[in-house]
Amino acid sequence: PEPLVLTSNAGAVRTLSLNRPAALNSFTTELHGELMAALDLAADDPEVRCVVLTGAGRAFCAGQDLADPSVAPDPTPGAAPKDLGHVISTWYAPLVARLRSMPVPVVAAVNGVAAGAGANIALCCDLVVAARSASFIQAFTKIGLVPDTGGTWLLPRLVGSARALGIAMLGDKLPAEEAARIGLIWQCVEDAALANTAAALALKLAGMPTRALVATRQAMAAAQDMDLDTALAEEARIQREMGNAGDYREGVEAFRAKRAPQFKDR
Ligand code: T3D
């Protein structure tokens, strides 16, 4: 059968494409399994220095596959409800943790609609670039759920609680351009420019000091819950680590020699 996640390589950039286009790349347990395996492979491959996540066909990802009998409510009167908590803690939470702990930067190239868990998977990537025709929908409340897949944590941090609540409670379609304007995502580009823009961004990140990029992601996330003194102490601790690494020596040497640096740490 056709893989549910397509993998391609361009230099040190690994692109993973969700590949269930007929169901708008919505998640089944099989897709979860393949995506997790592909992310693990990328994380463990020393040649990979940046990952791009995108979708095949017209959508990025429509979230949970609502036709999947293991999660869709059973219409039989008196049937026991499905344990969605189990679905979340088995699949979605580990996926968010995997993305947020990748040892390389992750770019989401949002090619079309990103709904429900699909929106939040995109938003937990480091840089999100979206095509103008793409949109973000916190579809959860429309079916009686709350934002999951990191939504309750991510949304207020990205856009503040007033906008986060509006977006999450109303569940309206947020066009990519508006998402960029309010700071939910990094950039909105013309549809025809999406692939090249994401590739260029990924190539640039792949040439940068990987360990410093990943430590930046982690330090910024951790600092959200710290007071300034604690954050300053954390910066000192992390900078001590960075200062002992080869990339720092290489960066300064290259600067002084007026040449392009060759970063190697990962
Ligand atoms: O439930 C749990 O286990 C807990 C976990 C929850 C995480 C979640 O993600 S909850 C949120 C689930 N997602 C949604 O509620 C989104 C549902 N989809 C939509 O609202 C719309 O499809 C879109 C706004 C994403 C796109 O609209 P549109 O008009 O461009 O396309 P469409 O015609 O609605 O969809 C095209 C096809 O994809 C269609 O199939 P068909 O009729 O051509 O055979 C549609 O049924 C299918 N599709 C779209 N989304 C899903 C889906 N099939 C299964 N699951 C989906 N989520």
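Higher on the page you've got the structure.
Computed from a prediction, not measured in an experiment: that's the story for all the values here.

**A short note on the pairing of strand β5 (residues 106-110)**
At step 1: Within β5, 5 of the 5 residues are buried, which leaves it mostly tucked inside the rest of the structure.
At step 2: What you see with β5 is no split at all: V106, A108 and V110 on one side and V107 and A109 on the other are buried throughout.
At step 3: Across 4 bridges, the pairing between β5 and strand β7 (residues 127-131) is parallel. Of the residues in β7, the one forming a bridge with A109 is V129.

**Considerations on the packing of helix α8 (residues 210-223) against helix α9 (residues 228-243)**
At step 1: At a closest axis distance of 11 Å, the pairing of α8 and α9 adopts a crossing angle of 165°. The orientation of α8 relative to α9 falls into the category roughly antiparallel. Here α8 and α9 pass one another in a crossing that is right-handed. In this structure, α8 uses A212, A215, A219, A222 and A223 to contact α9, whose residues at the interface are A231, E234, E235, I238 and M242.
At step 2: Residues that form the contact of α8 with α9 fall into these classes: 8 nonpolar, no polar and 2 charged.

**Topic: the sheet that holds strand β2 (residues 13-18)**
At step 1: If you trace the 6 strands from one edge of the open sheet to the other, you get β1-β2-β3-β5-β7-β10, paired in mixed fashion. Looking at strand neighbours, the two that pair on one side only are β1 (5-10) and β10 (187-189), the edges of this open sheet. Shown here is a sheet whose adjacent strand axes are inclined to one another by a mean of 20°, direction ignored.
At step 2: Pairing of β2 with strand β3 (residues 50-55), which is carried by 6 bridges, proceeds in the parallel orientation. Within β3, the position partnered with T15 by the bridge is V52.
At step 3: Along the sheet, helix α1 (residues 29-44) contacts β1, β2 and β3; its crossing angle with β1, the most-contacted strand, is approximately 20°.
At step 4: Where helix α7 (residues 194-206) meets the sheet, it contacts β1, β2, β3, β5, β7 and β10, and its direction lies at approximately 165° from that of β7.

Rules used throughout
- Residues numbered from 1 in each chain as written.
- Predicted model: local features only at pLDDT ≥ 70, side-chain atom pairs only at ≥ 80, totals over all residues.
- Buried ≥ 20, exposed ≤ 12 C-beta atoms within 10 Å, placed from the backbone.
- Helix = DSSP H or I, 4+ residues; strand = E, 2+ residues; numbered from the N terminus.
- Pairing = 2+ DSSP bridges.
- Axes fitted to C-alpha atoms, helices over the stretch in contact; angles between N-to-C directions.
- Parallel < 35°, antiparallel > 145°, perpendicular 65-115°, else oblique.
- Left-handed = near helix turned anticlockwise from the far one by under 90°.
- Contact = placed C-beta atoms within 7 Å.
- Nonpolar A, V, L, I, M, F, W, Y, C, P; charged D, E, K, R; others polar.

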